[in-house]
Amino acid sequence: MRPASGRVFGGSIAPFACNHRDAREIDQELGARENPAVHPMAPKPLKSLRSPMPLNAIRHQIGPFVVLEWTSPLQNVGEATDLVGACMSHDTDRLLLDAGVLPPPFFELRTRFAGEFLQKLQTYRLRTAVVMSPLADHGARFEEYLREARRGHFCRFFTSRDEALAWLARE
């Protein structure tokens, strides 16, 4: 005896998807049109999840390496993912930032902006060089942070653009 809720296949019960009707009959019953994209059950196109932030970057070819220099002002920690995406779209893992594109909270350690921002870049293994003016005074605590960060493998701070590019061009 066969159960009413399914068909028997090889000793197991499996629910059946359609009871002898074809897809056209079901579409007519649901009121679907010829274009399957307007079917009431058709999936809707996905909206872009990317932010409307324009890509303002300069691509440098230094020997075998591509370095992306970001030129748009950054506002929040979340924009680190935009930098990661931009580097991936340019097929590089090297990023050059000028201190002028960084917001003031970056230089205030109590905001934790610098640590969170650079950690996101390091998570994706981006080698990041930040160029700062040697005359800039951001306080004693930030100077301590700079001394420690200058020894890092993924992020370093430089006083000249040429030094930063030379570090990014190394393996």
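Residues numbered from 1 in each chain as written. Predicted model: local features only at pLDDT ≥ 70, side-chain atom pairs only at ≥ 80, totals over all residues. Heavy atoms only, no water.

Engineer: An account of the packing of aromatic side chains is needed here, citing residue identities and associated values.
Structural biologist: Inspection of the entire model under this criterion finds six aromatic pairs. A centroid spacing of 5.7 Å and a plane angle of 15° characterise the contact between Phe113 and Phe117, whose relative ring orientation is stacked. Residue Phe113 and its partner Phe117 are both found in helix α3 (residues 113-123); the two are separated by four residues, about one turn of the helix. With a centroid separation of 5.7 Å and an interplanar angle of 45°, the aromatic rings of Phe158 and Trp167 are classed as tilted. (Phe/Tyr/Trp six-rings, centres within 6.5 Å; stacked < 30°, edge-to-face > 60°. Helix = DSSP H or I, 4+ residues; strand = E, 2+ residues; numbered from the N terminus.)

Engineer: Go over the environment of Ala169, please, and point to the residues and values.
Structural biologist: When you line up the elements, Ala169 lands in helix α5 (residues 161-169). Looking at Ala169, the relative accessible area reads 24%, which means it is partly exposed. Sequence separation between Ala169 and Val67 is 102 residues; the distance between their C-alpha atoms is 8.1 Å. Discounting residues that sit within four places of it in the chain, Ala169 has contacts with Ile62, Phe65 and Arg94. (Buried < 20%, exposed > 50% of the residue type's maximum accessible area, 1.4 Å probe, protein only. Contact = heavy atoms within 4.5 Å.)

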